[in-house]
Amino acid sequence: MAAQETVDHKYVYDFAEGNMDLKDLLGGKGANLAEMTNLGLPVPPGFTITTEACKAYLATGEEPDGLAGQIAAHLSSLESAMGKRLGDPQDPLLVSVRSGAKFSMPGMMETVLNVGLNDRSVVGLSAQAGGNDRFAWDSYRRLIQMFGKTVCEVPGEEFEHALDDAKRAKGTTNDLDLDAEDLRGLVDSYKKIFSKHTGREFPQEPREQLDLAIRAVFESWNADRAVLYRRQERIPADLGTAVNVVAMVFGNLGPDSGTGVAFTRDPGSGAQGIYGDYLANAQGEDVVAGIRNTVPLQELEQLDKKSYDQLLAFMARLEEHYKDLCDIEFTIERGKLWMLQTRVGKRTAAAAFVIAGQLVDEGLIDLDEALHRVNGAQLAQLMFPRFQLDHEFQPVAKGIGASPGAASGKVVFTSARAVELAGEGESVILVRRETNPDDLNGMIASKGILTSRGGKTSHAAVVARGMGKTCVSGADELEVNVPAKKFTVAGQTVTEGDIVSIDGTTGKVYLGEVPVMPSEVVQYFEGSVDPEHIDNALVRAVHRIMTHADATRRLAVRTNADTGADAARARRFGAEGIGLCRTEHMFLGDRRELVERLILARTDDERDGALAALLPLQRADFEEIFREMDGLPVTVRLIDPPLHEFLPPLEQLAVNVAVAQERGEDVAKEEALLAAVRRMHEENPMLGLRGVRLGLVIPGLFAMQVRAIAEAAVTVARGGAVAKPEIMVPLVGAVQELETVRAEAEKIIAEVVRDSGVEVLIGTMIEVPRAALTAGQIAEAAQFFSFGTNDLTQMAWGFSRDDVEGAFFWRYLELGIFGISPFESIDRDGVGRLVRIAAEEGRAARPGLKLGVCGEHGGDPDSVHFFHEVGLDYVSCSPFRVPVARLEAGRAVIETDGSDSR
Ligand code: PEP
Ligand code: MG
């Protein structure tokens, strides 16, 4: 007995052994098949080979020890359950071999159906199907085709050409017109193609077919398109796929059979009802491939009322069980309904909000859960504009609104051309009859996708929705001719490069460019919708969830704004102050000349003159912003950017001077300017004379700004508003820098504010790694810290902010050195560690030290969660991202702290 206890690692689970929480191990499909089996729904029997087996296989190129035996044992129970044997010549059991990773990757990996058919069992299958020879030979030719393409890399077109030839010989374009004899002939042709490419006969041994198909599914995890899809969707590369081996049921046994896809709510809008597509007398892949046009699911009621009613009952059961929108694949085999797959369905951004709101109303979930189920990326999508349509624009075609949004662009017909034109900065619309997984690159590059075939569940629709890309599918008035690079519609011909506009909500297609209008969600945030009387389901859901996010979040949300108009807009979007007012923007435009005078001044008088001229201008800037932000804190950062941004470009100036000299013109002034610009030229201006360094080098510059801030605050306060200025010193690396600036600033402030009641705080940015590492010292001199994560990322990594993203980030992303640019989402391990250290040491030195972040990361969903975890007081981001940050700050509480700790 003792020896027996060293059992093999368990690599295979019967459906009855799994459940929906085992997605890591069984993949989404396998876990949900197990869950449905345990709910008692009619799932064809089968088993799942785990992702661990896949990972072991991919690591060594060999099936792990014990796997073959476990498969044999489970296959044998499957055979007993079905009362048939795999590939039995009289009464064969056939199985499908399907991929299924933890996260759904539609169409990216492989499936092989009808495994177990061979020259002998095809006869048994026909007998089993009541002498339906046509069905049996059609199933066999599908196996050879799928197996050849997937397992043995036989070029798929060869099979398609052979099928076309068979149809041509028969004088038809419809597969269904091919009879049993034609299909038997096709099987012969397919076998020849198979042996020509593989140098061997099509395998007749069923277990060999099964093992090879399982290997092929394992390997498809690393297929190019799967790798690309994972990168796009940020799915980790090391998860592996599970493999489901399932007893085949057939939707192509005649008119009383069929296959379909159903959604428990509309995945486009979230509306309640019955949504889906059905295709009679077909196998599952026909629906997803969009090869034949489907009928709406409701029509099944007429075709097969019993199955339809049963399906609706199962859908209701699943929704109640999963407490969410479910999508379902089913097959009807001669009037018997089989559930082939379910999962919590992908949905558009609008549907995500609407459904979360509905489920709260229905008492299925609470508001915390509703908040958890939506996200900032979805909210950002809803803030995109839509088409502005008036009588000038008539649609030329109407397809299915497969993925919402509005997109205009140049028509392209191939994925390669889409990538090429997009690379040149063009907006493109990819137009195809239908897309397939090889079009993924082109879909990523396009603004929108338009197809003439396929329904809401076609490849184009599913993938576009997942990417949040506008898509119109099944616009069958379009005659698409890919080789000729044109399509015709409504008597007009559209060729490559012409502009079209597509509306992914209504499915309408327009020729030319249609102007766009803002989203209703933005209008709601702008305050033009009365929250008490919202008749739009989406806006109502957004209002409700945002209200809950605001009540839940601990982080405050401020905005980065440098003008009164931006400040006002951000305030309407919910900003609770300004976290960064970049004053350098106030020095550009027609004030540039004054700044030039200041920087190039050779005497104190020249410099003081320029400063005196700038003072009232700056004061007016700040007054406007303080008024807009009445009662809320406003962090004004003293001037920061590199010097070269204020001076004329060196090369240009040198050329101008040389040309003028050549012409014999008087260039004394320009020469002096050129000499000064040369003197101040820096090889590395980002790391040069900027920020606090500039303030310490040019006497009076910071003093002028501090005075302008304090005077503006006093003026605004006297006018009855509440100004709460916070002066922020940029690029500090040592406490001594801050102390020097602070000593001078405090004197000016004391002199200006006197008894006005205005309080001015003085703090610093933490954006130089040394500042983060000496935060304890710096906190002694700072009333607040604001993390400048743009510079902190630049200096922690040694990446030039302005250069690296274009220069080599693509390669770093490709190699997986990072999954996303560290300028976009905070690098938790490195830059994040500096933030953590500074927050902890700063607060240890000065309890209650106010902490915020004003780098771009302040509006990035993942980074907001990190800043919540680290315990910052606020994030600050651009006005448009304020609602996203509010939502994510609420979600961070639920996801980080758990709902009980509030
Ligand atoms: C930062 O560095 O993160 C920051 C907010 O400052 P700026 O982007 O202006 O350098
Ligand atoms: Mg900075």
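Procedures and definitions
- Residues numbered from 1 in each chain as written.
- Chains lettered and ligands numbered in written order.
- Predicted model: local features only at pLDDT ≥ 70, side-chain atom pairs only at ≥ 80, totals over all residues.
- Heavy atoms only, no water.
- Donors = N, O, S within 2.8 Å, 3.2 Å for Na, K, Ca; no water.
- Helix = DSSP H or I, 4+ residues; strand = E, 2+ residues; numbered from the N terminus.
- Buried < 20%, exposed > 50% of the residue type's maximum accessible area, 1.4 Å probe, protein only.
- Phe/Tyr/Trp six-rings, centres within 6.5 Å; stacked < 30°, edge-to-face > 60°.
- Near = heavy atom within 4 Å.
- Polar contact = N/O pair within 3.5 Å; in protein donor to acceptor, adjacent residues only side chain to side chain.
- Areas by Shrake-Rupley, 256 points an atom, 1.4 Å probe, with all protein chains shown as cover.
- 1 Å grid on protein atoms, 1.4 Å probe; cavity = no way out; pocket = protein on both sides within 12 Å on 5 of 7 lines; lining within 4 Å.
- Points joined across faces, edges and corners; volume = space filled by probe spheres on them.
- Axes fitted to C-alpha atoms, helices over the stretch in contact; angles between N-to-C directions.
- Parallel < 35°, antiparallel > 145°, perpendicular 65-115°, else oblique.
- Left-handed = near helix turned anticlockwise from the far one by under 90°.
- Contact = heavy atoms within 4.5 Å.
- Nonpolar A, V, L, I, M, F, W, Y, C, P; charged D, E, K, R; others polar.
- Pairing = 2+ DSSP bridges.
- Core = buried A, V, L, I, M, F, W, Y, C linked by side-chain atoms within 4.5 Å.
- pLDDT = per-residue confidence, 0-100.
- Arc of directions from axis to C-beta.

A closer look at the coordination of the magnesium ion (ligand 2)
Each donor-metal-donor angle in an ideal tetrahedron of four donors is 109.5 degrees, and each such angle in an ideal octahedron of six donors is either 90 or 180 degrees. At 2.0 to 2.1 Å from the magnesium ion (ligand 2) lie its protein donor atoms, namely Glu767 (OE) and Asp791 (OD). Residue Glu767 is located in the loop between β30 (761-766) and α29 (769-773), and its partner Asp791 is located in helix α31 (residues 789-797); the two are separated by 24 residues in the primary sequence. The pair Glu767 / Asp791 is uniform in exposure class, with both members buried.

A look at the packing of aromatic side chains
Applying the stated criterion across every chain yields a total of 26 aromatic pairs. Their ring planes at 65 degrees and their centres at 6.3 Å tell us that Phe413 and Phe487 sit as a pair that is edge-to-face. Within this pair, whereas Phe413 is found in the loop between β16 (406-412) and α16 (415-423), its partner Phe487 is found in strand β21 (residues 486-489), the two being separated by 74 residues in sequence. Judged on exposure class, the residue Phe413 and its partner Phe487 are both buried.

What about the site of ligand 1?
The immediate surroundings of ligand 1 are formed by 14 residues, with Arg582, Arg637, Gly788, Asn790 and Arg801 found nearest. Residue Arg582 places a side-chain N or O atom 2.7 Å away from an oxygen atom belonging to ligand 1. Interatomic distance of 2.9 Å between a side-chain N/O atom of Arg637 and an oxygen atom of ligand 1. Burial of ligand 1 by the surrounding chains reaches 96%, relative to a free accessible area of 280 Å². Going through the elements one at a time, β27 (578-582) and α31 are the ones with two or more residues in the shell around ligand 1.

Examining the layout of surface pockets
In this structure, the second largest pocket encloses a volume near 420 Å³. Around the second largest pocket sit 13 residues that line it, and Leu600, Arg602, Lys669, Ala672 and Leu673 are the ones nearest its centre. Element by element, the count of residues in the lining of the second largest pocket is highest for helix α25 (residues 668-680), at six residues.

Some thoughts on the packing of helix α21 (residues 564-572) against helix α23 (residues 604-628)
Relative to each other, α21 and α23 sit at 10 degrees, their axes nearing to 9 Å. One finds that α21 runs roughly parallel with respect to α23. Where α21 crosses over α23, the two elements pack in a sense that is right-handed. On α23, the residues that touch Gly564, Ala565, Ala567, Ala568 and Arg571 of α21 are Glu624, Ile625 and Glu628. Residue composition of the contact of α21 with α23, grouped by class: four nonpolar, one polar and three charged.

A short note on the pairing of β21
Burial of β21 is one-sided: the residues Phe487 and Val489 facing one way are buried, the residues Lys486 and Thr488 facing the other way are not. Sheet topology places strand β20 (residues 479-481) next to β21; three bridges connect them, and they run antiparallel. Pairing of Glu479 across the sheet is with Thr488, part of β21. A loop of four residues connects β20 with β21, the two strands running antiparallel in sequence, and Lys485 in this loop sits at a positive phi of about 50 degrees. Bridge analysis of β21 against strand β22 (residues 492-495) gives four bridges, and the strand direction is antiparallel. If you follow Val489 over to β22, its bridge partner there is Gln492. Between β21 and the antiparallel strand that follows it, β22, lie two residues; Ala490 among them carries a positive phi value of about 45 degrees.

Observations regarding the nonpolar core
Core analysis: the biggest nonpolar cluster contains 137 residues, and Phe353, Leu379, Val542, Phe626 and Leu701 have the highest contact counts within it. Element by element, the count of residues in this core is highest for helix α27 (residues 701-718), at 12 residues. Dropping the residues within four chain positions of it, Phe626 is found in contact with Val634, Val636, Ile709, Ala712, Ala713, Val716, Ala723 and Pro725.

Considerations on the confidence of the model for the protein
Across the protein, the average pLDDT comes to 91, with 97% of residues at 70 or higher. Note on residues 1-6: pLDDT is under 50 here. Beyond four places in sequence and across chains, it has zero contacts.

Considerations on the sheet that holds strand β33 (residues 874-877)
One closed barrel holds the eight strands; their spatial order is β26-β27-β28-β29-β30-β31-β32-β33, and the pairing between them is parallel. Averaged over all neighbouring strand pairs, the angle between strand axes comes to 30 degrees, with direction disregarded. Pairing of strand β32 (residues 850-853) with β33, which is carried by two bridges, proceeds in the parallel orientation. If you follow Val853 over to β33, its bridge partner there is Val875. Sheet strands in contact with helix α36 (residues 882-897) are β26 (556-560) and β33, and its direction is about 160 degrees off that of β26.

What to know about unusual backbone geometry
A negative phi angle is the norm for most residues apart from glycine, just as the trans form is the norm for most peptide bonds. Its identity is not glycine, yet Asn281 carries a phi of approximately 50 degrees, on the positive side. In this model, Ala490 sits at a positive phi of 45 degrees, which is unusual for a non-glycine residue. Tracing the backbone through its elements, the reader meets Ala490 in the loop between β21 and β22.

Some remarks on the sheet that holds β22
Two strands in a sheet stick together by hydrogen bonds in their backbones, pointing the same way (parallel) or opposite ways (antiparallel). Here three strands make up an open sheet; going across it, the order is β20-β21-β22 and the pairing antiparallel. Of all the strands in the sheet, just β20 and β22 have a single pairing partner and so form its edges. On average, adjacent strands in this sheet sit at an angle of 20 degrees to one another, irrespective of strand direction.

Some remarks on empty space enclosed by the protein
The final tally for this structure, using the stated rule, is one cavity of 30 Å³ or more. Space inside the largest cavity adds up to approximately 40 Å³. Lining the largest cavity, in full, are Phe587, Val595, Leu598, Ile599, Ile639, Phe646, Leu694, Ile698 and Leu701. Considering every element that reaches the lining of the largest cavity, the biggest residue donor is helix α22 (residues 592-600), with three residues.

Description of α16
When α16 is considered as a whole, its buried residues turn out to be Ser415, Ala418 and Leu421. Here the buried residues of α16 occupy an arc of 130 degrees about the axis, which is enough to place them on one side. Away from its buried face by more than 90 degrees, α16 exposes Ala416 and Gly423. Buried residues along α16 sit in contact with β16, β17 (428-432) and α17 (440-445). Phi turns positive one or two residues past the end of α16, at Gly425, with a value near 90 degrees.

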